[in-house]
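The residues making up each chain are set out below.
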Amino acid sequence: MSITDTAPIAATRDERGRPVKKRREGANVWLSLLAWVVGILFVLPVVWMVLTSFHSEAKAAQNPPAVFAPLTLEGYREFFSGGASPWPPLLNSLTASVVSTALVLLLSFPAAYALSIKPVKKWTDVLFFFLSTKMLPVVAGLLPLYLFAQNTGLLDNIWLLIVFYTAMNLPIAVWMMRSFLSEVPVEMLEAAAMDGAGLSKTLRSVIAPVVMPGIAATALICFIFSWNELLFARVLTATVAETAPVFLTSFVTSQGLFLAQLCAAAFVVSLPVLVAGFAAQDKLVQGLSLGSVK
Amino acid sequence: MTSVAEQTGTRAGTAEPPRGGARRASGWIRRAPLLPALIFMIVVTQLPFVATLVISFMDWNAYYPDEVGFAGVDNFRRVFTDVNMRDAVWTTILLTVGVVLLSLVLGLGIALLLDRKFRGRGAVRTMMIAPFLVVPVAAALLWKHALYNPEYGLFNGALTWIWGLFGSDNPPQPDWISNMPLWSVIFALVWQWTPFMMLILLAGLQGRPLDVIEAARIDGANNWQIFRSMTLPHLRQYLELGALLGSIYIVQNFDAVFTITSGGLGTANLPYTIYQIFYQAHDYGRASAAAVVVVAGTIIIATFALRTVSSLFREDPGH
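Rules and cut-offs
Residues numbered from 1 in each chain as written. Chains lettered and ligands numbered in written order. Predicted model: local features only at pLDDT ≥ 70, side-chain atom pairs only at ≥ 80, totals over all residues. Heavy atoms only, no water. Patch = residues over 30% accessible without salt bridge, like charges linked within 9 Å, V, L, I, M, F, W, Y side chains within 5 Å. Areas by Shrake-Rupley, 256 points an atom, 1.4 Å probe, with all protein chains shown as cover. Salt bridge = Lys/Arg side-chain N within 4 Å of Asp/Glu carboxyl O. Helix = DSSP H or I, 4+ residues; strand = E, 2+ residues; numbered from the N terminus. 1 Å grid on protein atoms, 1.4 Å probe; cavity = no way out; pocket = protein on both sides within 12 Å on 5 of 7 lines; lining within 4 Å. Points joined across faces, edges and corners; volume = space filled by probe spheres on them. Nonpolar A, V, L, I, M, F, W, Y, C, P; charged D, E, K, R; others polar. Contact = heavy atoms within 4.5 Å. Buried area = accessible area lost by both parts, 1.4 Å probe. Polar contact = N/O pair within 3.5 Å; in protein donor to acceptor, adjacent residues only side chain to side chain. Axes fitted to C-alpha atoms, helices over the stretch in contact; angles between N-to-C directions. Parallel < 35°, antiparallel > 145°, perpendicular 65-115°, else oblique. Left-handed = near helix turned anticlockwise from the far one by under 90°. Expected span 1.5 Å × (residues − 1). Bend = angle between axes of the 7 residues up to and from the residue.

**What to know about a nonpolar patch on the surface**
Alright, step 1. A cluster of nonpolar side chains, namely A:W30, A:L33, A:V37, A:L41, A:L44 and A:V47, defines an oily patch on the protein surface of about 600 Å² accessible area.
Alright, step 2. Structurally, A:L44 can be placed in helix α3 (residues 22-53).

In structure tokens form, the structure reads like this:
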């Protein structure tokens, strides 16, 4: 970190320290332009989705595209008040994501503590066991869970999804938390022990300040994965516990003029993830790479 | 592996190991925080898998509830001889390898572009991340209807517009999904995953020791030489990490296949096929056998992959 932050090297960073030549400068302008073009191409579908969601159905389905058509809330009005209401699925998604994230944090923090601050014997084996469950394809457990739900009357019950989402995110959370907890300097822990601080005092005044951003990142990623999940929600829920992604699948085979409404729906359902993700861009990579990219 | 254990072992050394019964008790105190998570994981993920394993040897179709019984390896024989199943295996491999490779290469190129200082670098980075933040089903719907649609999709709309610029009212209007179904799914997924690869590789690039590169340049190394012999080796573990995490998620992809093609036109991958056998055909025995085969395949790949990750965490600097 310190290398890139110091001014003299940072100033020559893009040229890696050589006097700038005319030809290179020209190449740089083209490369910057290329970066801009690529960035715009990647964001274009998202921009198109948002723009289309504010068009009338007739304008949304025009060929060539009606880019400058007047904006309207028609699509949103139709999405929120036409046909099936999206509010129950959105609330179900919110409940499932928030509650399962809370459960994941509750279970993963002590586990990560036992794997990093005071590691148990063979802690690497335990850590890899957690990761290996993530490699078990989810379809491999789908049928028994479905049969279990059917026989216990838990089908179409949001709590079953919460339990499953907790299990789905727990391994990632344990890995992330472990890597954040191992950033707590040993010296600080020793100093706290020397001063006679108990476990709760150490947790509050030594560990918490260091790992708080890490916990936030873990929570964010668990929330996103739960919010995005489709396969289990589709198989285990029906009308009562339906989640937002399942609700979206009603658009898979829709016919006729519905593009603006579809884009409004896609945007509304993606909005929480977009907001959270943009707000925590760096934490997102660090978390998704299980803490191994700093 | 051992080096990690040793490094972190020093952490355990903060307290003197007690003796005898006290030692056993302290061992359990240490293990206690781990148990809730461990037990929860075993109950929710391992038990269902064991059940799947049992059902895979059973003759069990929900449409014929009276004919439930032991089937031996029949289900497995049917899985291996079923043309659809073999196609699904092939599709899964193509889809995973295609998406991971393309998004890694694209991600690498874009990370290199963004590793330089230029006006609006932050803005470009933010634009790049957007695809990754759209809910997968929403993204798949967006591609299917708003981009690929032959009549009013953006792609054909853009073709009409460009042809119109040159005074032609006869632009090509391909039906993307019917013409190249698997590629349609691959492109949509590459669009979603390139940002992820780019972010990992960018983080890797920014952790490069610049002074060494500086020295190489003074010694007369050109850009390509520096990239080949310094940047690429440094990025290796980040490339491996991206490939591993990408594979884990894309092998299991259901959303894009389900939404864009509904598994039609030869795009049904294993998760989708198993979903169909179970959810539509209600053939529980065969679905379970297929799931077991998928798990076996994944374990083989994961064994190699885990070795890669453990090498990654061996160089855990500072802790």
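**Section: empty space enclosed by the protein**
Sizing a probe to match a water molecule and rolling it over the atoms shows the empty space that remains.
Alright, step 1. By the definition in use, this model includes 6 cavities of 30 Å³ or more.
Alright, step 2. Estimates place the volume of the largest cavity at around 780 Å³.
Alright, step 3. Within the residue set of the lining of the largest cavity, elements represented by two or more residues are α9 (158-181), α11 (199-228) and α15 (281-288) of chain A together with α7 (136-147), α10 (181-206), α12 (223-251) and α13 (255-261) of chain B.
Alright, step 4. With 5 residues, the top contributor of residues to the lining of the largest cavity is α10(B).
Alright, step 5. If you go around the second largest cavity, you meet 16 residues; those closest to its centre are A:T133, A:L136, A:V138, A:F164 and B:T45.
Alright, step 6. A total of 4 residues in the lining of the second largest cavity trace back to one element, the largest contributor, which is α9(A).
Alright, step 7. In the lining of the second largest cavity, the residues fall into 12 nonpolar, 3 polar and 1 charged.

**Regarding the interface of chain B and chain A**
Alright, step 1. At the junction of the two partners, chain B supplies 111 residues and chain A supplies 113 residues.
Alright, step 2. Of the roughly 10,200 Å² buried between chain B and chain A on both sides combined, carbon and sulfur atoms contribute 75%.
Alright, step 3. Here chain B and chain A share 0 salt bridges between them.
Alright, step 4. Applying the counting rule to chain B against chain A returns 18 residue pairs in polar contact (both at pLDDT 80 or more).

**A few points about the side chain of B:T231**
Alright, step 1. With respect to the helices and strands, the residue B:T231 is situated in helix α12.
Alright, step 2. In contact with B:T231, not counting residues within four places along its chain, are B:L205, B:R208 and B:I226.

**Considering the packing of α10(B) against α12(B)**
Residues and elements named next belong to chain B.
Alright, step 1. Relative orientation of the contacting elements α10 and α12 amounts to 150°, with a least axis distance of 9 Å. In terms of orientation, α10 lies roughly antiparallel with respect to α12. Considering how the two elements wind past one another, α10 and α12 form a crossing that is right-handed. Residue-level contacts link W193, F196, M197, I200, L201, G204 and L205 of α10 to T231, H234, L235, Y238, L239, L241, G242, A243, L245, G246, Y249 and I250 of α12.
Alright, step 2. A class-by-class count of the residues in the contact of α10 with α12 yields 14 nonpolar, 5 polar and no charged.

**Quick notes on helix α6 (residues 87-116) of chain A**
Alright, step 1. Between its first and last C-alpha, α6(A) extends 42 Å over 30 residues, near the 44 Å set by a 1.5 Å rise per residue.
Alright, step 2. The axis of α6(A) is deflected most strongly, by about 25°, at A:S108, and proline A:P110 appears within four residues downstream.

**Considerations on the packing of helix α7 (residues 123-135) of chain A against helix α3 (residues 35-56) of chain B**
Alright, step 1. At their nearest, the axes of α7(A) and α3(B) sit 11 Å apart, and the two run at 30° to each other. If you check the angle between α7(A) and α3(B), you find them roughly parallel. Considering how the two elements wind past one another, α7(A) and α3(B) form a crossing that is left-handed. Residues A:V126, A:F129, A:F130 and A:T133 of α7(A) lie in contact with α3(B), whose contacting residues are B:A37, B:L38, B:M41, B:I42, B:T45 and B:Q46.
Alright, step 2. Split by residue class, the contact of α7(A) with α3(B) holds 7 nonpolar, 3 polar and no charged.

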